[in-house]
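Structural characterization, general
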Amino acid sequence: MRRNIVHSGADALIYEIRQIVALAKQIEAMGVTITWENIGDPIQKGESVPTWMKDIVSGLVSQNKSWAYTATQGDETTRKFLASKVNERGGAQITSEDILFFNGLGDAVAKIFGFMRREARILGPSPAYSTLSSAEAAHSGYEHLTYELNPDNDWMPDLEDIENKVKYNDSIAGILLINPDNPTGAVYPKEVMREIVKICEKYDIILICDETYAHVNYSEWGSIHLSEVIGDKVCGFALRSISKEFPWPGARCGWLEVFNRKNDSTFERYIKSLLDAKMLEVCSTTLPQLSIPLVYSHPEFLNHLKFRNQKFKKRAEKATNILTGIPGVKVIQPKGAFYLTVLFEDGALKPHMTLPIDNTKVRDFVSPLMEKAALDRRFVLHLLASAGICVVPLSSFCCNRNGFRVTLLEEDETKFEWIYKTLAENIRKYLAS
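All of these numbers come straight from a predicted model, not from anything done at the bench.

Parameters at a glance
- Residues numbered from 1 in each chain as written.
- Predicted model: local features only at pLDDT ≥ 70, side-chain atom pairs only at ≥ 80, totals over all residues.
- Heavy atoms only, no water.
- Helix = DSSP H or I, 4+ residues; strand = E, 2+ residues; numbered from the N terminus.
- Rg over C-alpha atoms; globule rule 2.2 N^0.38 Å.
- Buried < 20%, exposed > 50% of the residue type's maximum accessible area, 1.4 Å probe, protein only.
- Core = buried A, V, L, I, M, F, W, Y, C linked by side-chain atoms within 4.5 Å.
- Domains from an automatic or database assignment.
- Contact = heavy atoms within 4.5 Å.
- Buried area = accessible area lost by both parts, 1.4 Å probe.
- Salt bridge = Lys/Arg side-chain N within 4 Å of Asp/Glu carboxyl O.
- Polar contact = N/O pair within 3.5 Å; in protein donor to acceptor, adjacent residues only side chain to side chain.
- Pairing = 2+ DSSP bridges.
- Phe/Tyr/Trp six-rings, centres within 6.5 Å; stacked < 30°, edge-to-face > 60°.
- Lys NZ or Arg CZ within 6 Å of the ring centre and 35° of its normal.
- Axes fitted to C-alpha atoms, helices over the stretch in contact; angles between N-to-C directions.
- Arc of directions from axis to C-beta.

What follows deals with the overall build of the protein chain. Within the protein chain, the regular secondary structure consists of 14 helices and 14 strands. For a compact globule of 433 residues, the expected C-alpha radius of gyration is about 22 Å, and the protein chain comes in at 22 Å, within 12% of that figure. Considering only C-alpha atoms, the protein chain reaches an extent of 60 × 55 × 55 Å along its principal axes. Looking at the protein chain residue by residue over its 433 residues, the buried ones come to 58%.

Here we come to the nonpolar core. Ranked by size, the top nonpolar core spans 59 residues in total, and within it Ile175, Leu207, Ile292 and Tyr296 carry the most contacts. At 6 residues, helix H7 (residues 190-203) tops the list of elements feeding residues into this core. Formed jointly, this core draws a minimum of three residues from each of two domains, domain 1 (10-47 + 302-432) and domain 2 (64-299). Residues in contact with Tyr296, not counting those within four places in the same chain, are Phe81, Leu82, Arg240, Ile242, Glu245, Phe246, Trp255 and Phe301.

Each domain of the protein chain was delimited in the assignment, giving domain 1 (10-47 + 302-432) and domain 2 (64-299). The centre of domain 1, based on its C-alpha atoms, is set 28 Å off from the matching centre of domain 2. If you look at the interface, domain 1 gives 37 residues, while domain 2 gives 39 residues. It is Ile332, Lys335 and Cys398 in domain 1 that bury the most area against domain 2; as a group they hold 21% of the surface buried on that side. Our enumeration of links across domain 1 and domain 2 arrives at 2 salt bridges. Two residues, Lys330 and Asp152, come together in a salt bridge whose shortest N-O distance is 3.5 Å. Across the domain 1-domain 2 interface, the total number found is 20 residue pairs in polar contact (both at pLDDT 80 or more).

So, about the sheet that holds strand E2 (residues 99-102). Read from one edge of the open sheet, 8 strands run E2-E9-E8-E7-E6-E3-E4-E5, paired in mixed fashion. The strands lining the two open edges of the sheet, one partner per strand, are E2 and strand E5 (156-157). The pairing of strand E4 (residues 146-150) with E5 spans 2 bridges and is classified as antiparallel. Residue pairing across strands places Leu149 opposite Pro157, the latter belonging to E5.

Right, let's talk about the packing of aromatic side chains for a bit. Counted by the stated rule, this structure contains 15 aromatic pairs. Look at Tyr213 and Phe338: their rings are 5.2 Å apart centre to centre, the planes differ by 90°, and that puts the pair in the edge-to-face class. A residue pair is termed long-range when its members are at least 10 positions apart, and Tyr213 in the loop between strand E7 (206-210) and helix H8 (226-229) and Phe338 in the loop between strand E10 (329-331) and strand E11 (339-344) qualify at 125 residues. The same class applies to Tyr213 as to Phe338, namely buried. Relative to Tyr420, the ring of Phe416 has its centre 4.9 Å away and its plane inclined at 40°; by these criteria the two rings are tilted. Taken together, the residues span about one helical turn, with Phe416 and Tyr420 both in helix H14 (residues 413-432) at a distance of 4 residues. As far as the burial class goes, Phe416 and Tyr420 line up, both buried. Through a chain of ring-to-ring contacts, the aromatic side chains of Phe81, Phe246, Tyr296 and Phe301 assemble into a single cluster. Its end group placed over the ring of Phe312, Lys311 keeps NZ or CZ at 5.2 Å from the ring centre.

Within the fold, Thr341 resides in strand E11. A distance of 2.7 Å separates a polar side-chain atom of Thr341 from the backbone oxygen of Pro183.

Our focus in this paragraph is the sheet that holds strand E13 (residues 392-393). Neighbouring strands of a sheet are bound in pairs by backbone hydrogen bonds; such pairs are parallel or else antiparallel. An order of E10-E11-E14-E13 is seen for the 4 strands of this open sheet, with the pairing classed as antiparallel. At either margin of the open sheet sits one strand with a lone partner, and together these are E10 and E13. Relative to strand E14 (residues 403-407), E13 is paired through 2 bridges, and the arrangement is antiparallel. The residue of E14 that forms the bridge with Pro393 is Phe404. Contacting E10 and E11, helix H11 (residues 301-323) runs over the sheet at an angle of about 15° to E11. With respect to the sheet, H14 is in contact with E10, E11 and E14, its orientation differing from that of E14 by roughly 165°.

Now for the pattern of salt bridges. For the structure on display, the rule yields 32 salt bridges. Linking Lys202 and Glu163 is a salt bridge whose minimum nitrogen-to-oxygen distance equals 2.8 Å. Of this pair, Lys202 sits in helix H7 while Glu163 sits in helix H6 (residues 159-167); the two residues are 39 residues apart in sequence, bridging distant segments of the chain. Given the relative accessible area of 57%, Lys202 is considered exposed. Among the charged side chains, a salt-bridge network with shared partners connects Glu47, Arg308, Lys311, Arg315 and Glu411.

Let us look at helix H12 (residues 360-370). Taken residue by residue, H12 has Val362, Phe365, Val366 and Met370 as its buried positions. Projected down its long axis, H12 carries its buried residues within an arc of 130°, all on one side. In H12, the exposed positions angled more than 90 degrees off the buried face are occupied by Lys361 and Asp364. Between the side-chain oxygen at the start of H12 and the backbone nitrogen of Lys361 there is a gap of 3.0 Å, and the oxygen is on Asn359.

See the structure below:
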C-alpha cells in the first residue's frame, strides 16, 4: 500500500488468555482432552445462574422497552440507582451524570485509551490484566509502563516503586489499580489504597480502579471501593461490571463511576470525550442495564454474593494447600476474584525441562513452539500437551516473573481436586526433569 495503515501500537494487542485457545483446539483435535483453565467464565465452568435472576431477565425480555435504544450515557433509572449505591458508601458523592455505560469493560477500556492523548501514560500493575496493559501500550505505541506487585507481601503494590516512577516520569498522567486483582487474587486494604491516593494528589494525576471483582471478595476486610478512599481532590473513575458478580459475562455490560470530575477542566473535557464517543454508537445494550436495579435490590442478591464468596474462599484454600510446599514454587492464597497465580522461584525453570508427551502428533506440533518460548510458556505448553490442562503463562501478563494463572471456577469438586493435584504432580515432574 502507498500508505502504512497499521497503528504503531498494533503489536501490543496481545490477549494470551484467548490466544492460547487456538493452540489448545489444535491439540484437542489430535486426541487430547482439554481442561479449560484459561478464562474467567463461571458459566462455561458449570455455575448455574439463580432462577430468580433468570426470572428478572425473562420478565424484562417480555417488555417492549428492553428491545429499544436507551440513553447514550445509559438507562437513566439504572444510573440514578447506581449513583445512590455509590453515595451510600459515604465517600465521594456522585450523580447519575457521573455514570457512563459501555458494551462491557473491554469496550470501556478501548475508549479510555483510544481517546486519551497519546503522550499521556497510565502506570499499571505487573502482573497486569492483558486487556488493560495491551490497550495502554497500543494507545501509546510503547511498552506498557508498570509498577511491581510484590509476591513477598501478598502481591501488594510496591508503593515506593509507584512513587519513584511517577516522580521521575512526567508523562505518567494516572495510576491504574485492579482491586481485587486479576491475575493474583490480591485484595488491597484501605490503608494501601489511601497511600496511592496520596501519590495521585501529590503529583496531580488521575486514579483508575478496575472493580470488576469488587463483590467477588473473600478477604477479612471485604470490598473497599475507590469511592471510599479517593476523597474530594483526586480525579478518577472506577470500572464496574456485572460479568463476574451476577455472573453474566455474555451480557457485555460495564460502566464507569466518575469521581471529582469538576475539579479539573482537562479531566472534565476528557470524560466528555468518552460520552461523545458513545454518542457515535447511539447507546450500549439496553436489556442488561435494565436488569441491574432489579437484581441488586432483590432480597436474595446479598445471600447470592455471600454464597459465592464462601465457595471461592474454600476453593482458594484447597488449591493453595495442594500446591504449597513444592520446592521451587511460591503460591499466595487468593483473597478475591477467582484466579490463583503459581509463581516459579528465580532460577527454578530451565530450558531443558520437559514433561512426557505420549501423543506423537502433539509432540511434533508443540516442539517447534518451545524453541523461542519464555520459560514459563514452555511449561504451559508441556502441561497442555502432556496433561491437557490449559492455563496462561504469567509472562503474558506484562510480567518478567515466571509462573501461570489458573482459575478457581470448576464446579465439580472431584474434578477441581483432580485439576490441582494434576498441576502439583506435573510441576514436580517438570522441575525434576
